Structures are given as structure tokens and as C-alpha cells.
Amino acid sequence: MRLSVAVLAFSSALLLPVAYGVSQETEVKEENGQEIDRYCTNISDKAADERYAMQTRELAQLRADIDSRIEQLDAKRKEYEVWLKRRDEFVDKAEDSLVGIISKMRPDAAAAQMALLGDEAAAALLLKLNPRVSSVILNEMPAEKSSKLARVIVGSRIVPAERTAQ
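**Q** Mind showing me how you'd approach the overall build of the protein chain here?
**A** Counting its secondary structure elements, the protein chain contains 5 helices and 0 strands. Overall, the protein chain shows an N-to-C arrangement of helices and strands of α-α-α-α-α. Taken across its 166 residues, the protein chain has 10% of its residues classed as buried. A separation of at least 24 residues holds for 67% of the contacts in the protein chain among residues at least 6 apart in sequence. For the protein chain, the accessible area works out to roughly 14,200 Å², and carbon and sulfur atoms hold 59% of it.

Next up, the structure:
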């Protein structure tokens with residue numbers, strides 16, 4: 001009996017610190033968990049505020065970039081508008097001069113020159129010329145070219161036909 005009491009006392013002595021240590025670890029873990037929860041709760045508002053501030057800064061930077069690009073595009077657009085206006089003025093002057101030149105040329109020479117022009121340019125010139133001069137020039141052109149120019153001229157004045165009932 002003495003042996004079993006001694007074994008019981010010895011095993012109790014061994015298990016007691018282990019059981020006490022486990023309960024201490026559990027308490028420490030619970031305390032750490034609560035402390036972590038408190039820490040996270042305390043900084044969550046600060047973290048959200050910082051994220052919001054960071055996003056606001058990024059958006060402000062993006063807005064500044066967009067505004068800068070819009071200003072660059074506006075400057076380019078104005079530059080192109082000035083260039084286009086100068087070009088249109090030049091083309092108008094050139095067309096008026098060319099109309100005057102062609103109207104004073106011999107019909108066969110004018111026809112040869114206009115046959116070498118693009119179809120739309122030649123058709124535009126023919127429309128600006130006096131109809132009597134245009135008809136003589138068209139008469140002097142090869143038939144294929146004059147018919148092509150006539151189609152371009154007629155195509156520029158097409159009026160949509162009313163649909164007939166089927």
C-alpha cells in the first residue's frame with residue numbers, strides 16, 4: 001500500500017505543474033487574444049482614416065494629371081484650329097486662282113490638266129467654272145474621265161428618292 005500511495009503522490013507531483021502550466025498558458029493566450037482584439041479595435045479607425053487619406057491623395061494626383069492632359073489637348077486643338085484655318089484660306093485662294101486660270105486656258109489644255117487631277121478636285125473645279133466653259137472642257141476630255149467626273153458631280157448632289165410602295 002505504501003508503494004501505491006508513493007506512486008500516487010509522485011504522479012500527482014508530476015501532473016500538478018503540468019496542469020497548472022496548461023491553465024496558465026490558456027490564460028496567457030486568452031489575455032493575448034483580448035489584447036490583440038483591443039489593439040485592432042483601437043487602430044481600425046486610424047487605419048481607415050489613413051486609407052481614406054491615401055486614396056484622396058491618389059485621386060487628387062490623378063485629377064491633376066488629367067487636368068494637365070486636358071490643357072495639353074486644348075492647346076493642341078487650338079494649334080490645329082489655327083493651322084486648319086490658314087490651310088482653308090490658302091485652299092480657297094488657290095481654288096479661286098485655279099478656277100480663274102483654267103477658265104482662261106484653251107479647252108483642250110484645261111481638259112488635259114483636269115484629267116490629271118483627282119476626281120473630286122476636278123469635279124469641284126468644274127462646278128465652280130462657268131457652265132459653258134465646263135461643258136467645253138468635259139467635251140475635250142476622254143469619255144471615261146468625263147463620265148467619271150459627271151458621276152462625281154451628280155453624286156455630290158444626290159437627293160434621296162422617295163421610296164415607292166411595293
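**Q** Even after reading the chapter, I still don't get the packing of helix α2 (residues 107-116) against helix α4 (residues 131-140), so can you show me in this structure?
**A** Between α2 and α4, whose axes approach to 8 Å, the crossing angle comes to 70°. Compared by their axis directions, α2 and α4 come out roughly perpendicular. Facing P107, D108, A110, A111 and M114 of α2, the residues of α4 in contact are V136, I137 and E140. Split into classes, the residues belonging to the contact of α2 with α4 amount to 6 nonpolar, no polar and 2 charged.

**Q** Teacher, can you tell me more about the side chain of S134 here?
**A** Here S134 is to be found in helix α4. Accessibility expressed as a relative area gives 7% for S134, which makes it buried. Within polar-contact distance, the side chain of S134 engages the backbone oxygen of L126 at 2.7 Å. Other than its neighbours up to four places away in sequence, S134 contacts L126 and L129.

**Q** Mind showing me how you'd approach the nonpolar core here?
**A** Taken as a class, soluble globular proteins show a tendency for nonpolar side chains to be buried jointly. I102, M114, L126, L129, I137, M141 and L149 are the most contacted members of the largest nonpolar core, which totals 14 residues. Mapped by element, the contributors of at least two residues to this core are α1 (2-104), α2, α3 (119-128) and α5 (143-156). By residue number, the principal contributor to this core is α3, which donates 4 residues. The contact partners of M114, leaving out residues within four places of it in the chain, are I102, A122, L125, L126, I137, M141 and K145.

**Q** What's the story with α2 in this structure? I'm lost.
**A** Owing to its 3.6 residues per turn, the α-helix aligns residues three or four sequence positions apart on the same side. Along α2, the residues that are buried comprise A110, A111 and M114. End-on view of α2: buried residues confined to an arc of 100°, all on one side of the axis.

**Q** Help me out: how do you make sense of the confidence of the model for the protein chain in this one?
**A** Across the protein chain, pLDDT averages 78, with 75% of residues at or above 70. Per-element confidence in the protein chain is highest for α4, whose mean pLDDT is 89, and lowest for α1, whose mean pLDDT is 77. Scored below 50 in pLDDT, residues 159-166 shows 0 contacts in the model against residues more than four places distant or in partner chains.

**Q** Would you take a moment to explain the pattern of salt bridges for this structure?
**A** It is possible for side chains of opposite charge to pair when their charged atoms get near one another. All told, the structure shown has 8 salt bridges when counted by the stated rule. The residue D67 makes a salt bridge to R63 at a minimum N-O spacing of 3.9 Å. One end of the pair is D67 and the other is R63, both in helix α1 and 4 residues apart, which spans about a single turn. Given the relative accessible area of 33%, D67 is considered partly exposed.

Reading the values: the criteria
- Residues numbered from 1 in each chain as written.
- Predicted model: local features only at pLDDT ≥ 70, side-chain atom pairs only at ≥ 80, totals over all residues.
- Heavy atoms only, no water.
- Helix = DSSP H or I, 4+ residues; strand = E, 2+ residues; numbered from the N terminus.
- Buried < 20%, exposed > 50% of the residue type's maximum accessible area, 1.4 Å probe, protein only.
- Contact = heavy atoms within 4.5 Å.
- Areas by Shrake-Rupley, 256 points an atom, 1.4 Å probe, with all protein chains shown as cover.
- Axes fitted to C-alpha atoms, helices over the stretch in contact; angles between N-to-C directions.
- Parallel < 35°, antiparallel > 145°, perpendicular 65-115°, else oblique.
- Nonpolar A, V, L, I, M, F, W, Y, C, P; charged D, E, K, R; others polar.
- Polar contact = N/O pair within 3.5 Å; in protein donor to acceptor, adjacent residues only side chain to side chain.
- Core = buried A, V, L, I, M, F, W, Y, C linked by side-chain atoms within 4.5 Å.
- Arc of directions from axis to C-beta.
- pLDDT = per-residue confidence, 0-100.
- Salt bridge = Lys/Arg side-chain N within 4 Å of Asp/Glu carboxyl O.

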